[in-house]
Amino acid sequence: MHHHRLAGLLACLLSICATGAFASDSLRVGNRVLVVGDSAATVSALLGKPTHKSRRSASRGSRHRGRRMRASSDGAVSGEQWQYRRDGRVIVVTLVDGRVSDIDERSR
């Protein structure tokens, strides 16, 4: 059974590496670091205007990267994803209630 778990973990890691995408709790921007919990104003100051913005929602009680997300009165969790193109990568910053909840980097 142990070999099956190891094989599954290895397959998962290889698929992440193949897509060139990974999520992180921080992003180095020059000599500064953007971290989960930072404000939308900090994101704008470090990365500038996003190339694309989109809204997203999830059901009440959902978790995002291990953190419980707040739901509105109608049960939906609202947030925005800000997309940036930098140095051959796409960076997607997810904001919930005006704070960074996730940072994803993807190669183009």
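Below or above, wherever it landed, is the structure these notes cover. These figures come from a predicted structure and were not determined experimentally.

Rules of the game
- Counting from 1, residues in each chain are numbered in the order their sequence is written.
- Given that the model is predicted, a residue must reach a pLDDT of at least 70 before its local features are reported, and side-chain atom pairs must reach 80 or more before they are shown or counted; all residues, however, enter totals for whole chains, interfaces and linings.
- Processing note: side-chain calculations cover all non-hydrogen atoms of the structure and skip hydrogens and water entirely.
- Here a salt bridge means any side-chain nitrogen of Lys or Arg lying within 4 Å of a carboxyl oxygen belonging to Asp or Glu.
- What counts as a helix is a DSSP run of H or I of at least four residues, what counts as a strand is a run of E of at least two, and both are numbered from the N terminus.
- Between buried and exposed lies partly exposed: a residue is buried under 20% and exposed over 50% of the maximum accessible area for its type, with that area taken using a 1.4 Å probe on protein chains only.
- Each nonpolar core is a collection of buried residues, namely Ala, Val, Leu, Ile, Met, Phe, Trp, Tyr and Cys, held together in the definition by side-chain atoms within 4.5 Å.
- By definition, residues are in contact when any of their heavy atoms lie within 4.5 Å.
- When DSSP locates at least two bridges between a pair of strands, those strands are taken to pair.

1. As for the pattern of salt bridges
Here's step 1: If you walk through the whole model with that rule in mind, you get 3 salt bridges.
Here's step 2: For Glu-80, the salt bridge goes to Arg-55, with nearest N and O atoms at 3.7 Å. Highlighted residues: Glu-80 in strand E7 (residues 77–86) and Arg-55 in strand E4 (residues 52–58), separated in sequence by 25 residues.
Here's step 3: Assessed through its relative accessible area of 66%, Arg-55 is described here as exposed.
Here's step 4: When the shortest N-O distance is used, the salt bridge between Arg-89 and Glu-105 registers 2.0 Å. Taken together, the residues span a long stretch of sequence, with Arg-89 in strand E8 (residues 89–96) and Glu-105 in strand E9 (residues 99–107) at a distance of 16 residues.

2. Thoughts on the nonpolar core
Here's step 1: Ranked by internal contacts, the top residues of the largest apolar core, which has 14 residues, are Leu-27, Leu-34, Val-43, Leu-47, Tyr-84, Val-93 and Val-100.
Here's step 2: At the level of secondary structure, the elements contributing two or more residues to this core comprise strand E2 (26–29), helix H2 (40–47), E7, E8 and E9.
Here's step 3: Apart from the residues within four sequence positions on either side, Leu-47 is in contact with Leu-27, Val-29, Leu-34, Tyr-84, Arg-86 and Val-93.

3. Examining the environment of Gly-30
Here's step 1: Within the secondary structure, Gly-30 sits in the loop between E2 and strand E3 (32–35).
Here's step 2: Considered as a pair, Gly-30 and Leu-46 are 16 residues apart in the sequence and their alpha carbons are 8.7 Å apart.

4. Remarks on the pairing of E2
Here's step 1: The side-chain alternation of E2 yields one buried face, formed by Leu-27 and Val-29, and one unburied face, formed by Ser-26 and Arg-28.
Here's step 2: As judged from the 4 bridges shared by E2 and E3, these two strands associate in the antiparallel manner. Across the sheet, Ser-26 pairs through a bridge with Val-35, a residue of E3.
Here's step 3: In sequence, E2 turns back onto E3 through a hairpin of 2 residues, with Gly-30 there showing a positive phi of about 65 degrees.

By themselves, these figures tell us nothing about what the structure is for.
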